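# Reading the structure
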Amino acid sequence: MSGPANRRRAVRKLTNALALGLSGLATAIGLAFLGAILWTLIKNGIAGMSLSLFTEMTPPPGDRGGLLNAIYGSVVMTLIGILIGAPIGMLAGTYLAEYGRTSRISSVIRFVNDILLSAPSIIVGLFVYEVFVIRMGHFSAIAGAIALAVIAMPVTVRTTEDMLNLVPQGMKDASTAMGAYPWRTITNIVYPAARSGIVTGLLLAVARISGETAPLLFTALNNQFWSTNLGAPMANLPVVIFQYALSPYKNWQQLAWSGALLITLTILVLSIIARFVVSALNPGGKR
Amino acid sequence: MSTVAAIEPRHAAGQRVRERIFRGATLAAALVVLTLLGGVAVSLLKGSWPAFSHFKLGFLTREIWNPVTDQYGALAPIYGTLVTSLLAMLLAIPVSFGIAIFLTELSPSWLKRPVGVAIELLAAVPSIIFGIWGLFVLSPILQRHVQPWLIEWLGPLPLIGKLFQGPPFGIGVLSASFVLAIMVIPFISAVMRDVFETIPDVLKESAYGLGATTWEVIWKVVVPHARTGMVGGIMLGLGRALGETMAVTFVIGNAHRISSSLLAPGTTISASIANEFTEAVGDLYTSSLVALGSLLFLITFSVIAAARFMLLRLDRRALSSV
């Protein structure tokens, strides 16, 4: 009587232990990959870390050099990309969260924005190529910045809307009751209340676009020399990493590893800071 | 008193104007988002028109890709895109499911946040990093240790043996799938975790109260309840895998042909574009690459739209039940 019941219980317990063990194993695998990637980057990248990395231009094969023009180009294009993409994204997010909260067009825009959020970045590169590069007749830094802006925009739309929705309705009502127009309520009450959330969104957008490679391949291309001309091709870290890593030259490969370490550390630090800003905003809130 | 009365209407009028301007600006920005997607579709179609009108439907069904004779067919990249993505999902789904279970049901609470953040950081690593890691670290390991084993043990089998023939190249379809799987794991597990967390505790507790084991609670209560959201998360990961460019470009080997073996080099839509676009000479060559982009857009658009639709329904249901 108790024999089969005991056996069934043992089987159930065994299945349970096995399944839970496997799920722990899966987590260990996920963490191991993060560790392996970071370890490889540090091991290979640290050898090239020196002052000349930040003071010298990308060299011809076999020569010594640094990544100065690529770092400069990446910073400039990321900044311009954010300066174009973020304001549009924030205004659109404001519309979705405040003026058009319940309107039909807002749900369409939300859906479209979600699709843009996960659209392949290479498609964005082709789009900017078709619209800007062909018309200008040549690759340029500004086209690269626009491609990055197109990628940053949906990120800011999403975070702005989410963060504005966290502001208590009572605060908005109080401002409206004082006779303030909605724009006043939004700029004077809602934005300050959601400030850290919006900053987080911006940081995440910067983190997202600063490692993008595919959209820059056919917009900004690359430039072996120092250039501050926004109308001309400009060097940038991701494309330099791409070209140098696939080259047969040892010094180029070394620069690629150092660039990869640099870019990954920047992005990880940005992402971690963004998380701290969020938890400072609403301690005990969601994640 | 009289001055105040004179100022007041002017002040109010100024406020109204600013209100109009601000409201108009937010609406305009929202419409920019709306038209962007349409703009992408139209410009891609326009750019790919020469290729489509020249090759007609043959563009989709031919394997040839020859810049010298100006003959282009998209079959090999389409095949590569679908095979690498599906294989990546096969590898990624069980691992993601395990991570999501660990994070929601198993992990002690002090471990939850660090592990969750670490997995999310894996998602923030740019794809080009996965690419160079895949080329210099993962591919040699696969070539030396995994692929010879696959060839020896799975190669002689009937049916599936065909998938594991030929020399161990290291780079190829299998390596690309492997790197893609690592890339999409954080996305799928994050969505699954979020979906699992929407399940009311009462449901789980009542199952525990009946004597169910943790696994039985997960398999018989959590999973059925979370099915739509899980599929949505999986499709979101699939959309990402289909369009992923840099990671694949490094490790796929860029060969425009369809091999039955998973160990052979191949190509995907995005890898072909990334590799050849800046070197493409001639309108038909460029246009064929843009046409590949249009196909990718069409494929990913359908997958992502379906995923978002599933997650949308889930959000509404979660909201209505609160």
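Quick summary incoming for the structure in this document. (Residues numbered from 1 in each chain as written. Chains lettered and ligands numbered in written order. Predicted model: local features only at pLDDT ≥ 70, side-chain atom pairs only at ≥ 80, totals over all residues. Heavy atoms only, no water.)

Moving on to the overall build of chain B. Within chain B, the regular secondary structure consists of 11 helices and 2 strands. In chain B, the order of α-helices and β-strands from amino to carboxyl end is α-α-β-β-α-α-α-α-α-α-α-α-α. For chain B, whose C-alpha radius of gyration is 26 Å, the value lies well above the compact-globule estimate of 20 Å for 322 residues. Taking the principal axes of the C-alpha coordinates as reference, chain B spans close to 95 × 65 × 35 Å. Counting only contacts in chain B whose residues sit at least 6 apart along the sequence, the fraction spanning at least 24 positions is 74%. Surface exposure of chain B reaches about 14600 Å², of which carbon and sulfur atoms provide 69%. Here chain B contributes 22 positively and 17 negatively charged side chains, and the mean placements of these two sets differ by 7 Å. (Helix = DSSP H or I, 4+ residues; strand = E, 2+ residues; numbered from the N terminus. Rg over C-alpha atoms; globule rule 2.2 N^0.38 Å. Contact = heavy atoms within 4.5 Å. Areas by Shrake-Rupley, 256 points an atom, 1.4 Å probe, with all protein chains shown as cover. Lys, Arg positive; Asp, Glu negative; His and termini not counted. Charge placed at Lys NZ, Arg CZ, Asp CG, Glu CD.)

Turning our attention to the overall build of chain A. The helix and strand inventory of chain A stands at 12 helices and 0 strands. Listing the helices and strands of chain A from first to last along the sequence gives α-α-α-α-α-α-α-α-α-α-α-α. Seen through its C-alpha atoms, chain A measures out along the principal axes to roughly 80 × 70 × 35 Å. The buried share of chain A, taken over its 287 residues, is 53%. Put simply, of all contacts in chain A between residues at least 6 apart along the chain, 73% involve residues at least 24 apart. (Buried < 20%, exposed > 50% of the residue type's maximum accessible area, 1.4 Å probe, protein only.)

Let's shift gears to the packing of helix H5 (residues 121-136) of chain A against helix H6 (residues 141-165) of chain A. All names here are of chain A. Direction vectors running N to C along H5 and H6 enclose 145°, while the axes themselves pass 9 Å from each other. Taken as a pair, H5 and H6 cross one another with a handedness that is right-handed. Of H6, the residues touching H5 (which contributes Ser121, Val124, Val128, Phe132, Val133 and Met136) are Ile142, Ala143, Ile146, Ala147, Val150 and Ile151. Its residues assigned to classes, the contact of H5 with H6 shows 11 nonpolar, 1 polar and no charged. (Axes fitted to C-alpha atoms, helices over the stretch in contact; angles between N-to-C directions. Left-handed = near helix turned anticlockwise from the far one by under 90°. Nonpolar A, V, L, I, M, F, W, Y, C, P; charged D, E, K, R; others polar.)

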